[in-house]
Amino acid sequence: MPTVAVVLGVAFVTGSLLYGDSVRAAVNRARSNSQPDASVSITADPAAPHRLDDTLLRRLRALPSAAAARGVVEGRSLLVGSDGTLVGDLNQAAGVNYVPDGGGKDVRYPLAEGRGPRGAAEIAVDRRTGRAGRVPGRRPGAHRRGRHGP
């Protein structure tokens, strides 16, 4: 019995380590695929008092070896349907900024149809969410920081 216990213990620890490594690799692969044109990523440390802002972005763009720099904002974003209810799964309510290149496209988000947003009053949504929130003659609203607007 002690031999079986040791073998099972070693097997469980080995399995846990392998599972952790595979999850970590999958997350890194997904992160790389979501930013295909990024060579370096700078993220804010929540414990540090420094902020990532436009001043830092301008400094990064001015570096002699930098081809380009893009500021990316990610967070929770909710879409409000024309009937005033939230559209989609709240657990998957994610929003990101659309940063077009010189050709007007963001390589992170290839669009199936139409064009990307051109200002603060425009948004782009995936097809499934768009169908769920569409009511003829009405526009969906974006709910951000406790405010509701077009």
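The model shown is predicted, which means the values in this text are computed figures rather than measured ones. (Residues numbered from 1 in each chain as written. Predicted model: local features only at pLDDT ≥ 70, side-chain atom pairs only at ≥ 80, totals over all residues. Heavy atoms only, no water.)

Caption draft 1: Representation of the overall build of the chain in the model. Along the chain, the regular secondary structure elements total 3 helices and 6 strands. Listed by position from the N terminus, the elements making up the chain come as α-α-β-β-β-β-α-β-β. Per-residue burial over the chain gives 14% buried out of 150 residues. Looking at the chain alone, contacts between residues at least 24 apart form 37% of all its contacts between residues at least 6 apart. For the chain, the accessible area works out to roughly 12400 Å², and carbon and sulfur atoms hold 56% of it. (Helix = DSSP H or I, 4+ residues; strand = E, 2+ residues; numbered from the N terminus. Buried < 20%, exposed > 50% of the residue type's maximum accessible area, 1.4 Å probe, protein only. Contact = heavy atoms within 4.5 Å. Areas by Shrake-Rupley, 256 points an atom, 1.4 Å probe, with all protein chains shown as cover.)

Caption draft 2: View of a nonpolar patch on the surface. Residues V4, L8 and F12 make up a contiguous nonpolar surface patch of roughly 320 Å² in combined accessible area. Overall, the relative accessible area of 45% leaves L8 in the partly exposed class. (Patch = residues over 30% accessible without salt bridge, like charges linked within 9 Å, V, L, I, M, F, W, Y side chains within 5 Å. Salt bridge = Lys/Arg side-chain N within 4 Å of Asp/Glu carboxyl O.)

Caption draft 3: Spatial organisation of the confidence of the model for the chain. In the predicted model, the chain carries a mean pLDDT of 76, and the fraction of residues at 70 or more is 79%. Note on residues 143-150: pLDDT is under 50 here. Beyond four places in sequence and across chains, it has 12 contacts. (pLDDT = per-residue confidence, 0-100.)

Caption draft 4: Broad picture of the pattern of salt bridges. Within this structure, the stated rule accounts for 2 salt bridges. Residues D21 and R24 are paired through a salt bridge, measuring 2.9 Å at the closest nitrogen-oxygen approach. Of this pair, D21 and R24 both sit in helix α1 (residues 2-34), 3 residues apart, roughly one helical turn. By relative accessible area, which is 46% here, D21 ends up partly exposed. The salt bridge partner of E122 is R115, with a shortest N-O separation of 2.9 Å. Relative accessible area serves as the criterion here: at 31%, E122 is assigned to the partly exposed category.

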